[in-house]
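Below are the chains, spelled out letter by letter.
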Amino acid sequence: MIAFIQRAFSALLLLSFLAGLALPGLHPPDWLPAPMLGGVLFIACARITSRDLAEVRLTDVLGFGAVRFLLVPLLLWFVASRIAPHLAPAFLLLGLLPTGVTSTAITSILRGNPALALGTTILSTALAPLTIPLALGTLVGAEVEVDVTGMARTLIGLLLVPTALWFGIARHSRRIVAALDVYGSALSVVLICTIAAL
């Protein structure tokens, strides 16, 4: 069953999105998605070793940041302003949004480099309060108020706490490491699909 869940991730994710669209009345309690996302990141950290973190080059993370937060948003803005000018601000905003917390887990499930994904997630989330207002103000002429406290809470609660719990405490427990080695990927798939359905 575990191997099936891991292999069928793409299909299960698509079915979850479709279930969420077909059943729009599913409303979890407001507090539920945050711990689920934190759990996904915690499990994803189990696939990252200290050596993996040491091998992540700052230039790779910054290079990703430059492409993701400069090139992609500007390209989206340029193309949208030519094809559908009224949608250009929305495309720009879409390009500026931070990398999702689940990207580290998805990268791990798909056998990518989760340490690099974690670095880019932290970088993009930390820079979003600066990049979004700056780009929207410069290109759209719109003023954007940023809830710095809310974004800091998100950064700490969804990124730093699960990461610190794993690297500071949990990775030293053989039982936790063994359990996540066997069940971690499947549990990540279930959590991500549940979040997608909600």
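Basis of the calculations
Residues numbered from 1 in each chain as written. Predicted model: local features only at pLDDT ≥ 70, side-chain atom pairs only at ≥ 80, totals over all residues. Heavy atoms only, no water. Helix = DSSP H or I, 4+ residues; strand = E, 2+ residues; numbered from the N terminus. Rg over C-alpha atoms; globule rule 2.2 N^0.38 Å. Buried < 20%, exposed > 50% of the residue type's maximum accessible area, 1.4 Å probe, protein only. Contact = heavy atoms within 4.5 Å. Areas by Shrake-Rupley, 256 points an atom, 1.4 Å probe, with all protein chains shown as cover. Salt bridge = Lys/Arg side-chain N within 4 Å of Asp/Glu carboxyl O. 1 Å grid on protein atoms, 1.4 Å probe; cavity = no way out; pocket = protein on both sides within 12 Å on 5 of 7 lines; lining within 4 Å. Points joined across faces, edges and corners; volume = space filled by probe spheres on them. Phe/Tyr/Trp six-rings, centres within 6.5 Å; stacked < 30°, edge-to-face > 60°. Lys NZ or Arg CZ within 6 Å of the ring centre and 35° of its normal. Expected span 1.5 Å × (residues − 1). Axes fitted to C-alpha atoms, helices over the stretch in contact; angles between N-to-C directions. Parallel < 35°, antiparallel > 145°, perpendicular 65-115°, else oblique. Left-handed = near helix turned anticlockwise from the far one by under 90°. Nonpolar A, V, L, I, M, F, W, Y, C, P; charged D, E, K, R; others polar.

**Q** What's the story with the overall build of the chain in this structure? I'm lost.
**A** Counting its secondary structure elements, the chain contains 10 helices and 0 strands. Put simply, the chain runs from its N terminus to its C terminus through helices and strands in the order α-α-α-α-α-α-α-α-α-α. For the chain, whose C-alpha radius of gyration is 18 Å, the value lies close to the compact-globule estimate of 16 Å for 198 residues. Principal-axis analysis of the C-alpha atoms gives the chain an extent of 55 × 45 × 30 Å. For the chain, the residues scored as buried account for 36% of the 198 residues in total. At a minimum sequence separation of 6, the contacts of the chain that also span at least 24 residues come to 78%. Carbon and sulfur atoms make up 71% of the accessible area of the chain, which amounts to about 11,700 Å² in all.

**Q** So what exactly am I meant to see when it comes to unusual backbone geometry here?
**A** Most of the time, phi is negative for any residue but glycine, and the peptide bond is trans. The backbone of R111 shows a phi angle near 65°, a positive value even though the residue is not glycine. Residue position: R111 is located in the loop between helix 7 (103-109) and helix 8 (114-140). Owing to a relative accessible area of 71%, R111 belongs among the exposed residues under this scheme.

**Q** Help me understand the pattern of salt bridges, please; the structure alone is not making it clear to me.
**A** Oppositely charged side chains may form a pair once their charged atoms are brought near each other. Inspection of the entire model under this criterion finds 2 salt bridges. With its nearest N and O atoms 3.4 Å apart, the salt bridge here joins D181 to R47. Of the two residues, D181 sits in helix 10 (residues 174-197) while R47 sits in the loop between helix 3 (33-45) and helix 4 (50-55), which places them 134 residues apart along the sequence. Under the relative-accessibility criterion, D181 is labelled exposed at 53%.

**Q** Just to check I follow, could you spell out empty space enclosed by the protein for this structure?
**A** Which parts of space are left empty comes out when a probe the size of a water molecule is rolled across the atoms. According to the stated counting rule, one finds 1 cavity of 30 Å³ or more in the structure shown. In this structure, the largest cavity occupies an estimated 70 Å³ of space. For the largest cavity, the full set of lining residues is I43, A44, A46, R47, A105, S108, I109, L180, G184, S185 and S188. The set of elements that each furnish at least two residues to the lining of the largest cavity consists of helix 3, helix 7 and helix 10.

**Q** Can you walk me through the layout of surface pockets in this structure?
**A** Estimates place the volume of the largest pocket at around 230 Å³. Along its surface, the largest pocket is lined by 15 residues, and F69, L70, L96, T131 and A135 are the ones closest to its centre. The set of elements that each furnish at least two residues to the lining of the largest pocket consists of helix 5 (58-83), helix 6 (88-96) and helix 8. The dominant element in the lining of the largest pocket, judged by the number of residues it contributes, is helix 8, at 7 residues.

**Q** Is there a simple way to explain the packing of aromatic side chains in this structure?
**A** Two aromatic rings, taken as a pair, are described by how far apart their centres are and by the angle between their planes. One pass over the structure, following the stated rule, counts 1 aromatic pair. Residues F42 and W166 carry aromatic rings whose centres are separated by 5.6 Å and whose planes lie at 80° to one another, so their mutual orientation is edge-to-face. In this pair, F42 is assigned in helix 3 and W166 in helix 9 (residues 148-168), connecting sequence segments 124 residues apart. Seen from the ring of F69, R68 lies directly overhead, with NZ or CZ sitting 4.9 Å from the centre.

**Q** What should I look at first to understand helix 3 in this one?
**A** Taking 1.5 Å of rise per residue, 13 residues should cover 18 Å, and helix 3 covers 18 Å from first to last C-alpha, within 8% of that figure. If you check which residues of helix 3 are buried, you get M36, L37, G38, G39, V40, L41, I43, A44 and C45. On its buried face, helix 3 sits against helix 7, helix 8, helix 9 and helix 10.

**Q** Looking at this structure, how should I read helix 5?
**A** In an α-helix, one full turn covers 3.6 residues, which means residues spaced three or four apart are oriented alike. With 26 residues, helix 5 should reach 38 Å at 1.5 Å per residue; the first-to-last C-alpha distance of 36 Å fits that figure. For helix 5, the set of buried residues is V61, G65, R68, F69, P73, W77, A80 and S81. Packing partners of the buried residues in helix 5 comprise helix 6 and helix 8.

**Q** Would you explain the packing of helix 2 (residues 9-22) against helix 10 in this entry?
**A** Any two packed helices are characterised by the angle at which their axes cross and by the distance between the axes. Closest axis-to-axis distance for the helix 2/helix 10 pair is 7 Å, and the angle between their directions is 25°. What the angle tells us is that helix 2 and helix 10 run roughly parallel. Relative to helix 10, the crossing made by helix 2 is right-handed. Residue-level inspection shows F9, L12, L13, S16, F17 and G20 of helix 2 in contact with helix 10, the latter providing V189, I192, C193, A196 and A197. For the contact of helix 2 with helix 10, the class distribution of residues is 9 nonpolar, 2 polar and no charged.

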